[in-house]
Amino acid sequence: MNWYEKLNQYFPIEEMKSKEHMELLLDEKSDIYHKDEGQHHVLMYVELSDFVFIDYLFVSKDARGQGLGHKLIEKLKAKGKPIILEVEPVDYEDTDTEKRLRFYTREGFEHASSIGYRRRSLATNEVNEMEILYWSPTKESEETIYENMKKTYNEIHTYKDSELYGKSYQPASEVLTLDTENSVPKPEVVDEKSIDASGKPVSE
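Residues numbered from 1 in each chain as written. Predicted model: local features only at pLDDT ≥ 70, side-chain atom pairs only at ≥ 80, totals over all residues. Heavy atoms only, no water.

Undergrad: Before we go on, may I ask you to explain the pairing of strand β1 (residues 33–38) in this structure?
TA: Side chains on a regular strand alternate between the two faces of the sheet. With 6 bridges connecting them, β1 and strand β2 (residues 41–47) associate as antiparallel partners. Across the sheet, the residue bridging to H34 is Y45, located in β2. Counting the residues between successive antiparallel strands, the hairpin from β1 to β2 contains 2 residues. (Pairing = 2+ DSSP bridges. Helix = DSSP H or I, 4+ residues; strand = E, 2+ residues; numbered from the N terminus.)

And the structure:
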């Protein structure tokens, strides 16, 4: 199974870029779009001068419980830049969504509660709501995270979209919103007691 098949098997169709899209980013934006691949993981990420964006992080079942997810996150943290990513809102009927959020919370990520993110999938034509999480060694404001998300959306998510998909994604102004006046409090860090007994890295 190649790297794209691993990602495609793990992530929902509405969150997946096409293989052509990702290969184009790796080729034409190789200065900022990167693939870190090993026997048991695939990490796709964007690195700009002032932040890192995690596009996809996959760890195989065979490697779960070995701290690989943590090591990959630590590798990105060592760059000393804010790290941003998108996650599905927790669906308690889908334990993977809860595990992913718990993992990133344990890794020190916060929910950017003032940022709204609703994008229509070109694959399903359904509007999907995502939450923005971030880790920052420099205590960046959510306004800065918002601007960085817009940059990621414009430069990565919608790159050559009409050429690749035959139609275009919505403009960033329709997808991303910032509400600084009515932001809800950030969720508390999940207590270690809520981590499952196996101690598995929950991103995998």
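The structure having been displayed, the exposition proceeds.
Undergrad: Teacher, can you tell me more about the packing of aromatic side chains here?
TA: What describes a pair of aromatic rings is the distance from one ring centre to the other and the angle between the planes of the rings. Taken as a whole and assessed by the stated rule, the structure comprises 7 aromatic pairs. Seen in terms of ring centroids, F103 and Y104 are 5.1 Å apart; in terms of plane orientation they differ by 70°. Their pairing is edge-to-face. What makes F103 buried here is its relative accessible area of 0%. A residue is classified by how much of its surface remains accessible, and Y104, at 5% relative accessible area, is buried. Pairing Y165 with Y169 gives two aromatic rings, centres 6.0 Å apart and planes at 70°, and the pair type is edge-to-face. What makes Y169 buried here is its relative accessible area of 13%. One aromatic cluster is present, built from ring pairs that chain together Y10, F11, Y56 and F58. (Phe/Tyr/Trp six-rings, centres within 6.5 Å; stacked < 30°, edge-to-face > 60°. Buried < 20%, exposed > 50% of the residue type's maximum accessible area, 1.4 Å probe, protein only.)

Undergrad: Honestly, the pattern of salt bridges in this entry has me stumped. Any pointers?
TA: It is possible for side chains of opposite charge to pair when their charged atoms get near one another. Applying the stated criterion to the full structure yields 12 salt bridges. Here K75 makes a salt bridge to D36, at a shortest N to O gap of 2.9 Å. Placement of the pair is K75 in helix α3 (residues 68–77) and D36 in strand β1, with a sequence separation of 39 residues. Residue K75 is classed as exposed on the basis of its relative accessible area of 53%. (Salt bridge = Lys/Arg side-chain N within 4 Å of Asp/Glu carboxyl O.)

Undergrad: I would appreciate a short explanation of the nonpolar core in the present structure.
TA: Most often, soluble globular proteins keep nonpolar side chains buried together rather than apart. With 38 residues, the main nonpolar core has L7 and M22 as its most contacted residues. Broken down by secondary-structure element, the contributors of at least two residues to this core are α1 (3–10), α2 (19–28), β2, β3 (52–59), β6 (115–120), β8 (131–135), α5 (142–157) and α7 (172–175). Of the residues forming this core, the biggest block, 5 residues, is contributed by α5. Those residues in contact with L7 that sit more than four places away from it in its chain are M16, M22, V42, M44, Y56 and F58. (Core = buried A, V, L, I, M, F, W, Y, C linked by side-chain atoms within 4.5 Å. Contact = heavy atoms within 4.5 Å.)

Undergrad: Explain the pairing of β2 here, please?
TA: Counting buried positions along β2 yields 7 of 7 residues, so the element is predominantly enclosed. Of the two faces of β2, the one holding H41, L43, Y45 and E47 and the one holding V42, M44 and V46 are both buried throughout. Of the pairings in the sheet, the one linking β2 to β3 comprises 7 bridges and is antiparallel in character. Within β3, the residue paired with M44 across the bridge is Y56. Joining the antiparallel neighbours β2 and β3 is a turn of 4 residues.

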